[in-house]
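Structural description and commentary
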Amino acid sequence: MMDSYDIAEEEDYSPRMKAAHLSAQELLAHRNLDRTVPPRGGTKDYAPDGSLEQEEKLQGMYSLYRRMLAEERVNKIGNLSKAIWLEDQGLAEVTVDKGKFWHHIGHSNEGKKYLYPEEAVFLMETNAIEVYWNKLPLAIQQAYAMMLGNRVSMEQYQVYAHLSRLGYILIRHQSREHFSWYERQIQLDEYIPLKQRIKEGSSAQVRDWFPSNQHEEQTTSTSGEPDKTEEVHRDNPARQKSKEVKSASDSPVEHSTSNQTSRDSLPKGQTSRMEGRIEQSVEDEQMEIECNRKDKTEKQEEKGVDSLVTSSYECKWDFTNISIPNVGQDCDVSEIPIPCAELLPTGVQVNNVLKINTGAFSLNTKRGRKGKSNSEHLSKIVPNLRAEDDPRKVSRNWMEFKKLCGAKREMDMSDSPVAHLWQGEVTPLVRPSDATDMGAILSRLQVIQNISLEKECCSLPKPDRSLDIAYDVFLPDSHFKKSKPGRPNLRVCVQRFSEPAPDLALIVQLNQRSSPVPLLWAVVDNGDISFYSFTEADLPTDYHM
Amino acid sequence: MAENKEEKKEDPKDQEFKLEKDTELRFEVETGGTITLELSEGMAEVFGTELVKNKKFTFGSGAKVAVFTWHGCKVVLHGRTEFAYVSKDTPMVMYVNTHAALEQMRQQAQDQGKRGPRVMIVGPTDVGKSTLCRLLLNYAVRLGRRPTFVDLDVGQGSIAIPGTIGGILVERPADVEEGFSLQAPLIYHFGHASPGANMELYERIIAKCADVFNQRCELNRQASVSGCIINTCGWVKGEGYRSILHAAREFEVDVIIVLDQERLYNDLKRDLPGFVKVVLQPKSGGVVERPQPVRRSAREDRVREYFYGVRQPLYPHSFDVKFADVSLYQVGAPALPDSCLPLDTQQENPYTKLVHIQPGAQIVHHVLSLSMADSLKDNLIDTNIAGFICVTNVDMERQVMTVLSPAPRPLPKRYMLLTDIRFMDFR
């Protein structure tokens, strides 16, 4: 029994391996192999027409493909790395590491080097490694079957292989960047090794103020709405925290592992650095503006209660508590209790509870002798109101109502040359007062409203299925370090061509998760890979002369 | 037979009524007669004003009175009545609950530093709007509030003579016989007995009145918290309806009480913003419909009361005024068709235009409003009124007119506005 898998040192070669050794002539022949690839494209034959020419062409193609598939990979033993396939873990453990692939492929764990299945198969395909299983090297076909199998789909492998061949560095998607953008900017990642950061877990991490990086791995399919509230929640405590930091308080705050209300603190050693420069990206500023707006509205509400007597007040009478007797048809109060004594003048004593029986009073419902009803009369006075514009429903007190009506009065257009257009039943969609700029007019004419994905994501329903981002892609870079990959240049999601297209909610969710890194969707159609991306573009709505 | 008649004339019966709890005695005074009312036992009130026991209250011809009691009482009527009966079916409980709700709103306003409730009472003619106003005002004042009574009824107004709108700050309950004491009312000239004669002007002075009321509220916290109660005229269709909406908007009312008309209630609910509470309430069974002649004579009586007083006689002065000493104006001009105007000119609103009038025979027997304006720079329309005089005679030769005035000569102000109200001074 051989315990060590270091086969290079073994003297006893199995007979199969002996047969794999090539003679010198064969090696030379191999080197000069015909490397032409059959041409792709050309005119398409739509249907079999039974001709011999077509048949021959087809047969030629088939034999070519078979030959290609059967191509052997030849390499010096000394150049080949070796790995062992571990079925239970689904990883290949590298025993002999030759060549430069370890620079950007593979990971290590507890001193041992491991390869993911797609990496292992790719390296096998590119003739850099031999993977052993049960002490026997695996053939390519076997490798595909065994290693890829259930763990990595064919499409994912194809994408991996394609991009790797092009030179990109791909790693499996890490949902969390262990170092935030800010920490990288202050080069904190140089000082704290990644392992320590991973070990410490998230408790010592300064959460980035971007929404995407705040998503934990558990939240794969959160709907947009809690995300949005989460963001604002996080922002407020985060901003409060920044003030705490500035005042140099060093108290660490307990971190709860729940997603909703997480409060983070800084390890003591880093406060001094944090105090210095708190720069915010554009997104942060947007968040800040949103928070400021929220603060302002809260302040206004507070003001309303304390305002002077006659300045219009925001609060209105609460008629659910104050019941004025009403015998109208739609009044739902049928009994009014005896009012308490302090509300009544001395000498007045109400003896009975007031019972309202709406049918008991016959209240003059007969029609007038002549003349139009009030509604007809009013419709000539008041121009046709759009429902959302109706100040009566929208306003909460007289000040708002008058403001809205005042705005309407300007539009009343008794002196406008186009006033006649509004006199009939069919009125124009656009009012002259709307003509401030092209954008305003276009917004009035739009039937389908544009939505901005970042702002409106909370109103989207949950995506039908959950999809994970497959790979983080880095540009070919000699400075790439596996221990500190940094922010990827791209992220890729893999899909089969036959699968349904992702719905808007899914796109938005994944885009958010991946932002600010662009997300590509790789759609694989039998080996042909197309890359798609969804970016938001605004059609121009204005023009300037 | 003659003896009988004489007996009847000399000796009207004393009617004693015993009233249970929550009942009211309704009676109307015969034309030409007077009635004396006395409360002998218990407690009672007349439209919210408590009756003092053993005091005699006198009501003149045509007066319609209802005496209501919460506790039970005994009342003695002395004199001839058209009718007098006791009724159990009154909406007083509803009205008092309304008052309680308004009082709650006032308390809330006081605690929270807000504005007090502004109530408007609308309904067709002869449903008891003025009475309900009086009731709510009395109850409020009895609790120590200082509500403002705004009367927009130009036909049967109770603050000044017909043809005006006005407001008073109520500080005492209304007198049983005389109504609210009219110290320092705010009056605006309208000039006609019906708002339809000049709707533009009507809406404009309503706006001005509301403006002044708001200013008062800013200065006087008590008045602001107590709110106001607005009485409207009985015109509820078409343009009248529109004027109700306009008044509601100008005064920024919080509650509208619709008396006795379901259609108006539904229309108001639909047309007013959602934060205004509109309620429908029944009219009292004691409300009597007044036909046109009665209303006309009621108007004349109001003007007469202005000059000659209600119970305490007032002694107006009659003196001559030279034409040169006064400037007389009329509000409203006939609208010119556009074809009469030169090109490029636009007609200013004819309804609120001031037209200078030369005093002449056409102003005899008309009541004139004396404006508080000191010069023409103050817009006469928007200035409140100091008082009224009535032209009894015009002498074109001497360029002098004889006027009946509540105060002695000389007239305090120079600018006057002509009204449509006519008053024949027979005494």
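Here goes a summary of the coordinates provided.

Rules and cut-offs
Residues numbered from 1 in each chain as written. Chains lettered and ligands numbered in written order. Predicted model: local features only at pLDDT ≥ 70, side-chain atom pairs only at ≥ 80, totals over all residues. Heavy atoms only, no water. Phe/Tyr/Trp six-rings, centres within 6.5 Å; stacked < 30°, edge-to-face > 60°. Helix = DSSP H or I, 4+ residues; strand = E, 2+ residues; numbered from the N terminus. Buried < 20%, exposed > 50% of the residue type's maximum accessible area, 1.4 Å probe, protein only. Salt bridge = Lys/Arg side-chain N within 4 Å of Asp/Glu carboxyl O. Contact = heavy atoms within 4.5 Å. Buried area = accessible area lost by both parts, 1.4 Å probe. Polar contact = N/O pair within 3.5 Å; in protein donor to acceptor, adjacent residues only side chain to side chain.

Inspection of the entire model under this criterion finds 18 aromatic pairs over all chains. Each ring, one from F401(A) and one from F275(B), has its centre 6.4 Å from the other, and the planes form 75°; the classification is edge-to-face. Placement of the pair is F401(A) in helix α15 (residues 398-410) and F275(B) in the loop between α7 (262-271) and β16 (277-281), with the two residues belonging to separate chains. For the pair formed by F401(A) and F275(B), the shared burial category is buried. Pairing F83(B) with Y85(B) gives two aromatic rings, centres 6.0 Å apart and planes at 35°, and the pair type is tilted. On the basis of relative accessibility, which here comes to 32%, the residue Y85(B) falls in the partly exposed class.

All right, on to the pattern of salt bridges then. In the structure shown here, the tally under the stated rule is 31 salt bridges over all chains. Here E24(B) ties to R26(B) by a salt bridge, and the two come within 2.6 Å at their closest N and O atoms. Judged on exposure class, the residue E24(B) and its partner R26(B) are both buried. One salt bridge connects R80(B) with E30(B), and the closest N-O pair in it is separated by 3.9 Å. Residue R80(B) is found in the loop between β8 (73-79) and β9 (81-87), and its partner E30(B) is found in the loop between β2 (23-29) and β3 (35-42); the two are separated by 50 residues along the sequence. The network of salt bridges with common partners includes K402(A), R115(B) and E252(B).

With that out of the way, let us pick up the interface of chain B and chain A. Counting from both sides, the interface comprises 70 residues of chain B and, opposite them, 57 residues of chain A. Together chain B and chain A conceal approximately 5,700 Å² of surface at their shared face, both sides included; 60% is due to carbon and sulfur atoms. Taken as a group, R249(B), E262(B) and F275(B) account for 14% of the area that chain B buries against chain A, more than any other trio of residues on that side. One can count one salt bridge joining chain B with chain A. Its salt-bridge partner being E252(B), residue K402(A) comes within 2.9 Å of it at the nearest N-O pair. On the surface where chain B and chain A come into contact, there are 11 residue pairs in polar contact (both at pLDDT 80 or more). For the side of chain B that touches chain A, the secondary structure elements donating two or more residues are α2 (92-112), α3 (129-142), α4 (199-219), α5 (221-226), α6 (239-251), α7 and β16 of chain B.

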